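Listed here are the chains, written in short residue letters.
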Amino acid sequence: DSAVAAMAAIQAEMLSLSMDESGCCVVERAMELADPGELRDLARALRGSVAAAARSPHAQRVLEKAIFHLGTSDAAFIAEELAPQARAMAQSGTGCNVLISLMEFSPEDDRTVDLVDRILEDDLLGLLGHKFGHRVAVSMLSNCPCRQRARVVTALLSDMQRFA
């Protein structure tokens, strides 16, 4: 079947297509048309390359699409792979979008909670004042568990004049 062959060809070139301006559109469309098994296979092809994909203006869109379409447990590898670089991703123009998607679609998942905890570990005031970190903090306030939201609120209240 030609549809099966097309999905296999996309999966075989998933990372290179995702990193390309035109290729990422092909991958996104394939993800929209894929059945659940094919979608998992496509996403799995990005394992080991999630951090690089999150830094790409094109591949980050593919990660967001995967988070949107996959269930929480199937998308958990994305949070796991980003965790070691959580703070850098929060301050990245493309990485922050992937983090925000994880917080929107799986905020209670243990891997996402760990990822957010790592972001909150260090210099929260610096994160709040950062162009992209601020967007991540707003998403935390909207989506994350109460304990994590409380950390952000406490930091905001500690310097009300700066953040007013």
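Conventions adopted
Residues numbered from 1 in each chain as written. Predicted model: local features only at pLDDT ≥ 70, side-chain atom pairs only at ≥ 80, totals over all residues. Heavy atoms only, no water. Core = buried A, V, L, I, M, F, W, Y, C linked by side-chain atoms within 4.5 Å. Buried < 20%, exposed > 50% of the residue type's maximum accessible area, 1.4 Å probe, protein only. Helix = DSSP H or I, 4+ residues; strand = E, 2+ residues; numbered from the N terminus. Contact = heavy atoms within 4.5 Å. Phe/Tyr/Trp six-rings, centres within 6.5 Å; stacked < 30°, edge-to-face > 60°. Salt bridge = Lys/Arg side-chain N within 4 Å of Asp/Glu carboxyl O. Axes fitted to C-alpha atoms, helices over the stretch in contact; angles between N-to-C directions. Parallel < 35°, antiparallel > 145°, perpendicular 65-115°, else oblique. Left-handed = near helix turned anticlockwise from the far one by under 90°. Nonpolar A, V, L, I, M, F, W, Y, C, P; charged D, E, K, R; others polar.

(A) Expanded view of the nonpolar core. By size, the foremost hydrophobic cluster in this structure holds 50 residues, and its most contacted members are I78, L82, L99, V136 and M140. The dominant element in this core, judged by the number of residues it contributes, is helix α9 (residues 95-105), at 6 residues. Contacts of L82, omitting those with residues within four sequence positions, involve V50, A51, A54, M89, V98, L99, L102 and L115.

(B) Structural context of the packing of aromatic side chains. Scanning the model with the defined rule gives 1 aromatic pair in all. Judged by centre distance (5.4 Å) and plane angle (85°), the rings of F68 and F105 are edge-to-face. Of this pair, F68 sits in helix α6 (residues 59-69) while F105 sits in helix α9, and the two are 37 residues apart along the sequence.

(C) Layout of the pattern of salt bridges. A full pass over the atoms with the stated rule returns 9 salt bridges. Residues R111 and E80 are paired through a salt bridge, measuring 3.8 Å at the closest nitrogen-oxygen approach. Of this pair, R111 sits in helix α10 (residues 110-120) while E80 sits in helix α7 (residues 72-82), and the two are 31 residues apart along the sequence. Residue E80 is classed as partly exposed on the basis of its relative accessible area, which comes to 41%. Each member of the salt-bridge network shares a partner with another, and the members are R29, E32 and K65.

(D) Representation of the packing of α7 against α9. α9 packs onto α7 with a crossing angle of 140° between their chain directions and a minimal axis gap of 11 Å. Relative to α9, α7 is oriented oblique. Every pair of crossing elements has a handedness; the one defined by α7 and α9 is left-handed. Judged by residue contacts, T72, A75, I78, A79 and L82 of α7 engage V98, L99, L102 and F105 from α9. Within the contact of α7 with α9, the residues separate by chemical class into 8 nonpolar, 1 polar and no charged.

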